[in-house]
Amino acid sequence: MDPPRQCPSPSSSRPISPRTPSCETLGYVGIEAVLDQMKIKAMKMGFEFNIMVVGQSGLGKSTMVNTLFKSKIWKSTPSGLALGPIPQTLQLHSVTHVIEEKGVKLKLTVTDTPGFGDQINNDKCLRPLDIEFLQRLCRTVNVVPVIARADSLTMEEREDFRRRIQHNLRTHSIDVYPQECFDEDINDKILNCKIRERIPFAVVGADREHVVNGRCVLGRKTKWGIVEVENMKHCEFPLLRDLLIRSHLQDLKDITHNVHYENYRVGRLNESHMLPRGPGWVTLDPAPANSPALPGPSKVCRWAQDTPSEEY
Amino acid sequence: MATKSCMSSQVSVDEQKKRENIRSLTMSGHVGFESLPDQLVNRSIQQGFCFNILCVGETGIGKSTLIDTLFNTNFEDHESSHFCPHVRLKAQTYELQESNVRLKLTIVNTVGFGDQINKEESYQPIVDYIDAQFEAYLQEELKIKRSLFNYHDSRVHACLYFISPTGHSLKTLDLLAMKSLDSKVNIIPVIAKADAISKTELQKFKIKLMSELVSNGVQIYQFPTDDETVAKINASMNGHLPFAVVGSMDEVKVGNKLVKARQYPWGIVQVENENHCDFVKLREMLICTNMEDLREQTHTRHYELYRRCKLEEMGFSDVGPENKPLSLQETYEAKRHQIYGERQRKEEEMKQMFVQRVKEKEAILKEAERELQAKFEHLKRVHQEERMKLEEKRRLLEEEIISFSKKKATSEIYQNQTFMGSNLKKDKDRKKEPGYRCDLLCFDVRAFETKGGRNDAEEGRECPSTMGRNE
């Protein structure tokens with residue numbers, strides 16, 4: 001059987017390079033319709049998204065999640081309420097909901113980490129505990145750092161804090177989302193650089209509506225005014241929402257599936273000395289005890305892109 | 001028709017939700033994840049699509065032409081020969097692009113199908129090819145460091161089976177081939193060169209074909225009817241199976257348009273005219289409506305079946321003894337221990353065998369050594385005996401020599417006494433025959449004077465003991 005070959009198309013009018021023998025179809029074939037087919041299938045199956053929030057209690061995590069998804073995912077814990085002694089061990093608490101918008105179903109799972117953040121006090125900068133935590137976390141999951149309760153900082157203080165955090169992250173090579181190594185092409189890079197400039201986003205969460213200038217907006221009412229959540233001048237919540245939901249949700253899932261999970265899988269298989277090599281699987285010698293788990297995320301190579309525009 | 005596992009109907013989704021205790025929430029505003037399908041589509045556009053078609057049919061039935069017509073491209077030019085000794089599969093990959101969708105299309109052709117006199121082995125290469133693609137995917141899946149998202153999926157998504165337009169019924173080869181392929185690939189039978197059959201004959205032919213397929217238990221691909229958007233059209237198309245197609249890349253002027261058609265003296269068969277043939281239906285179904293479903297069926301049904309069988313063959317099972325669920329890891333570990341144990345055992349066995357053999361060999365060698373030793377002893381003894389005998393003989397001989405010397409001495413004295421008369425003559429004879437001197441001593445002194453004396457002398461040589469008696 002001959003190995004798959006690329007074909008020179010006699011009907012294409014563009015010069016053929018041996019690397020990219022794409023055949024331009026003349027007239028209608030209908031390959032485009034596959035996109036609609038995919039959409040239909042996706043709508044039918046629904047989407048899934050799992051998100052975990054980490055941080056001090058009282059920072060407004062629950063409120064933030066509720067604001068993001070515009071529903072009462074959690075009953076937000078009223079601040080100031082004594083919740084008893086801080087639990088020494090971390091207990092994760094997950095909740096799953098299905099939300100629907102214009103026919104698109106999303107199964108959302110939110111995991112909270114009560115008790116963790118209370119050990120953290122990163123008002124001024126990231127301490128070694130935080131650094132260590134972030135470093136390890138970044139290797140297993142996409143991390144999006146967020147400055148919570150941003151309404152207690154002025155604009156200058158915000159920028160200051162942001163720069164400091166960015167510097168901290170860079171110094172300790174903490175690779176937060178969007179990771180630079182996964183930028184595919186120049187467009188991605190441009191887009192992601194803009195995002196990276198603004199990380200961590202300074203956000204405010206609110207789930208109550210107020211009337212401002214005749215409009216109904218989500219916001220926090222304070223003595224000195226109403227902080228509008230969705231107003232870019234007041235806080236960067238829209239940026240976070242857009243990143244997480246409107247533009248990069250699929251990308252987050254892809255990286256988790258193709259990179260983080262694969263890394264985990266490799267590590268796990270290696271440690272159990274399982275080396276499947278197909279039907280004639282015979283290898284018995286255990287992998288050397290000091291074979292390291294992958295040091296960092298491996299590069300995601302998506303479909304080899306031969307964009308024709310680059311050629312001609 | 002087997003149920004499609006991942007297209008869950010609304011009922012089961014609700015049930016599942018109840019089971020998992022998931023609340024359905026209503027949102028109070030616009031969040032924006034309605035863009036999710038678009039995000040998915042964008043990613044797919046980036047990745048590109050992959051579609052693999054296998055064409056099975058006799059040489060010259062029009063496979064390449066139909067593919068050309070379907071994708072509106074001239075893929076390959078040369079015709080195949082009719083004289084192939086075996087069925088070969090030839091796969092070629094092309095990159096097509098329509099607006100912003102890139103498609104990596106692989107066409108696999110069967111070369112030499114149905115050309116041999118003995119058609120027994122005709123469809124085996126096809127089954128082998130399909131299995132090989134599944135195997136390659138399984139291998140990639142089982143690797144430790146794998147890159148599935150990067151993997152060029154070569155599994156066959158659709159098999160176009162070309163049926164000859166005889167108008168009668170399916171050939172045995174067709175039946176057998178389809179029967180062996182229906183559990184491995186989505187089969188879409190088509191009637192090739194449909195312009196050779198009249199309309200009424202075609203209807204009867206289609207009915208006959210479908211009933212034959214059904215009665216023989218061949219499961220061909222049915223277009224899915226569970227999604228409302230496409231259910232109606234798919235259902236109606238299912239009723240038109242198998243599609244009677246005509247392929248042509250030649251353009252003929254009809255009216256004031258150039259259309260793809262085949263020109264005969266009696267008329268023009270237009271490929272894209274639904275009254276003339278089912279080509280448009282095939283293109284609709286294969287590409288526009290169900291390409292994604294074909295790919296999905298291949299992955300979730302045919303590949304899963306192959307994978308299950310293969311893993312079971314390898315000895316893995318989801319359920320252990322006493323029906324307790326087994327994890328793959330447990331099975332791996334168990335297998336590993338088992339194989340390790342076996343290896344140990346085999347090593348032991350071989351060691352034992354080796355030791356055994358060494359012992360045996362040693363014994364044999366020892367035996368041989370002993371034998372040799374015995375022989376040597378024996379020979380030595382024999383040699384000793386011989387030697388002793390020879391010693392004995394020598395002793396006797398020496399004794400004789402001694403006694404003879406004595407006798408000689410005696411006879412010399414005797415001779416000297418009778419020396420007078422015969423001295424001269426003795427000297428003369430002595431000069432004539434010097435070598436005879438020894439024997440002469442044994443003679444009777446009178447022997448050399450007479451003729452008969454020589455005879456006596458010879459006699460005398462043999463019996464030396466008569467010496468002295470002749471006096």
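To be clear, the structure that these remarks concern was listed above.
My aim in this report is to walk through the structure given alongside it, one point at a time. Every value quoted in this text rests on a predicted model; they were computed, and no experiment measured them.

What counts, and at which threshold
Residues numbered from 1 in each chain as written. Chains lettered and ligands numbered in written order. Predicted model: local features only at pLDDT ≥ 70, side-chain atom pairs only at ≥ 80, totals over all residues. Heavy atoms only, no water. Phe/Tyr/Trp six-rings, centres within 6.5 Å; stacked < 30°, edge-to-face > 60°. Helix = DSSP H or I, 4+ residues; strand = E, 2+ residues; numbered from the N terminus. Buried < 20%, exposed > 50% of the residue type's maximum accessible area, 1.4 Å probe, protein only. Lys NZ or Arg CZ within 6 Å of the ring centre and 35° of its normal. Polar contact = N/O pair within 3.5 Å; in protein donor to acceptor, adjacent residues only side chain to side chain. Pairing = 2+ DSSP bridges. Axes fitted to C-alpha atoms, helices over the stretch in contact; angles between N-to-C directions. Core = buried A, V, L, I, M, F, W, Y, C linked by side-chain atoms within 4.5 Å.

### Remarks on the packing of aromatic side chains
Residues and elements named next belong to chain B. Applying the stated criterion across every chain yields a total of 10 aromatic pairs over all chains. Ring centres of Phe75 and Tyr94 lie 4.4 Å apart, and the angle between their planes is 35°; this geometry places the pair in the tilted category. A residue pair is termed long-range when its members are at least 10 positions apart, and Phe75 in the loop between helix 3 (63-71) and strand 3 (88-98) and Tyr94 in strand 3 qualify at 19 residues. Taken as a pair, Phe75 and Tyr94 share a single burial class, namely buried. Measuring from ring centre to ring centre gives 5.5 Å for Tyr137 and Tyr151, while their planes differ by 70°; the resulting arrangement is edge-to-face. On the criterion of sequence distance, the pair formed by Tyr137 in helix 4 (residues 124-142) and Tyr151 in the loop between helix 4 and strand 5 (158-163) is long-range, its members being 14 residues apart. Neither residue differs from the other here; Tyr137 and Tyr151 are each classed as buried. Through a chain of ring-to-ring contacts, the aromatic side chains of Phe134, Tyr137, Tyr151, Tyr303 and Tyr306 assemble into a single cluster. Its guanidinium or amino end placed over the ring of Tyr137, Arg155 lies 3.7 Å from that ring's centre, counting from NZ or CZ. Taking NZ or CZ as reference, Arg155 lies 4.8 Å from the ring centre of Tyr303, over its face.

### Observations concerning the side chain of B:Thr59
Residue and element names in this part refer to chain B. Summarising the element assignment, Thr59 is placed in the loop between strand 2 (49-56) and helix 3. With a relative accessible area of 13%, Thr59 lands in the buried category. Among the polar contacts listed, one links the side chain of Thr59 to the side chain of Asp115, at a separation of 2.7 Å.

### Focus: the sheet that holds strand 8 (residues 251-254) of chain B
Residue and element names in this part refer to chain B. Spatially, 3 strands are ordered 8-9-10 in an open sheet, and the strand pairing comes out antiparallel. Because the sheet does not close on itself, it has two edges, and the strands there are strand 8 and strand 10 (267-270). Along the sheet, successive strands turn relative to each other by an average axial angle of 65°, direction set aside.

### Looking at the nonpolar core
Judged by nonpolar contacts, the single largest core of 92 residues is most densely connected at B:Ile53, B:Phe71, B:Leu160 and B:Leu286. If you tally residues by element for this core, the top one is helix 4 of chain B, at 8 residues.

These figures come from the coordinates and say nothing about function on their own.
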